[in-house]
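# Observations on the three-dimensional arrangement
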Amino acid sequence: MAKDKHPKKQNPSSTPAATTTTATKQTAPDWPVFKPPLPVVSLDFDSPIQDKVVVLRSFFPKNLCRDYVSFLRTLPLTTTPGKPKRGMAVRVNDRFQVEDPLFAERLWSETGLKEAVLDNPDMAHLWGGEVVGLNPNIRVYRYTPGQFFDAHYDDSNNLTLSTPENPSLPVKTTWTLLLYLTSSTDGCAGGETVFYPNDRQTKKEAIPISPETGMLLLHKHGDDCMLHEGKEVTAGEKWILRSDLCVRR
């Protein structure tokens, strides 16, 4: 587990963005093709929390989300322990983790995400540097009724990317990427991602963002990460694909 780098954020705990050393050694799966070709809509960022959280709605069309959920059910998911290691937030979910640079590159360059990030000069200041791709550490999360992720912060990590221009490019992660594959329209109840902008877990200051099928959510992590949690799922299943934006070091 990465050390908490935020003196004011000693409690609750932080959680690492995940590096190549933390990934479970899994064989990269044969991910479904992006069909229809992406993007299917104009990808325009909305900002539920200015400079901290941005979303791209309909990043994946609903039929592709259904295809992915069906495929993800075939993966060897592992249930996280109910009692975490010291200093880690309580998380109860089922997950799969794999180091897959090819799929990370597909998510970056074959979905319209690369253009949405790089061709928007008004948002260039947000990313913390020159964005060069996504963290190849791909995580799959499934939350079933009773499962949740307690309040925590996401750490930034340093890693090395292999790109066509540079096989050993030093990068760091700056924004968490969450792709929601299910929502209330698929029978999922609860599971909101709730942000606390003043580092206090109070209902009055909570900013909940409900899952939307196919929505991509990016939130700043590292030193500027907001306290946040994944609320308990009360019905159905919440499925998420997770990676991180990487910028050149």
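It should be noted that the structure appears before, not after, this text.
Reading the values: rules and limits
- Residues numbered from 1 in each chain as written.
- Predicted model: local features only at pLDDT ≥ 70, side-chain atom pairs only at ≥ 80, totals over all residues.
- Heavy atoms only, no water.
- Buried < 20%, exposed > 50% of the residue type's maximum accessible area, 1.4 Å probe, protein only.
- Helix = DSSP H or I, 4+ residues; strand = E, 2+ residues; numbered from the N terminus.
- Contact = heavy atoms within 4.5 Å.
- Phe/Tyr/Trp six-rings, centres within 6.5 Å; stacked < 30°, edge-to-face > 60°.
- Lys NZ or Arg CZ within 6 Å of the ring centre and 35° of its normal.
- Arc of directions from axis to C-beta.
- Pairing = 2+ DSSP bridges.
- Core = buried A, V, L, I, M, F, W, Y, C linked by side-chain atoms within 4.5 Å.

### Some remarks on helix α2 (residues 101-109)
- Looking only at α2, the buried set comprises Phe103, Ala104, Arg106, Leu107 and Trp108.
- Each element contacted by the buried residues of α2 is listed here: α1 (62-72), α3 (113-118), β7 (131-134), β8 (137-143) and β18 (238-248).

### Regarding the packing of aromatic side chains
- Scanning all chains against the criterion turns up 10 aromatic pairs.
- Where Trp127 meets Trp175, the ring centres are 5.0 Å apart and the plane angle is 70°; that geometry is what we call edge-to-face. Of the two residues, Trp127 sits in the loop between α3 and β7 while Trp175 sits in strand β11 (residues 169-180), which places them 48 residues apart along the sequence. Taken individually, Trp127 and Trp175 each receive the classification buried, so the pair is uniform in this respect.
- In this structure, Arg106 packs its charged tip against the face of Phe34, placed 4.3 Å from the ring centre.
- Just above the ring of Tyr143 sits the side chain of Lys238; from NZ or CZ to the centre is 4.5 Å.

### Describing α1
- Leu64, Cys65, Tyr68, Val69, Phe71 and Leu72 are the residues of α1 that are buried. Projection of α1 onto a plane perpendicular to its axis shows the buried side chains occupying an angular sector of 160°, all on one side.
- For α1, the secondary structure elements touched by its buried residues are α2, β8, β11 and β18.

### Here we look at the pairing of strand β15 (residues 216-220)
- Judged by how many residues are buried, β15 sits mostly within the fold: 5 of 5 residues are covered.
- The pairing of strand β3 (residues 53-56) with β15 spans 4 bridges and is classified as antiparallel. By the bridge assignment, Val53 is partnered in β15 with His219.
- Note: β11 against β15, 5 bridges, orientation antiparallel. In the sheet register, Leu178 faces β15, and the bridge partner there is Leu217.

### Description of unusual backbone geometry
- Here Lys35 and Pro36 are connected by a cis peptide whose omega angle stands at 5°.
- Here Pro36 lies in the loop between β1 (14-15) and β2 (46-49).
- A cis amide bond, omega -5°, links Leu38 with the succeeding residue Pro39.
- Within the fold, Pro39 resides in the loop between β1 and β2.
- Here the phi dihedral of Asp51 falls at roughly 65°; this positive angle occurs in a residue that is not glycine.
- With respect to the element layout, Asp51 can be found in the loop between β2 and β3.

### Quick look at the nonpolar core
- Of all hydrophobic cores here, the largest spans 42 residues; its most connected members are Trp31, Phe60, Trp127 and Leu181.
- Residues within four places of Phe60 in sequence aside, it is in contact with Phe34, Leu38, Cys65, Tyr68, Leu107, Thr111, Leu179, Leu181, Thr213 and Gly214.
- Ranked by size, the runner-up nonpolar core spans 17 residues in total, among them Ile49, Leu178, Phe195 and Ile209.

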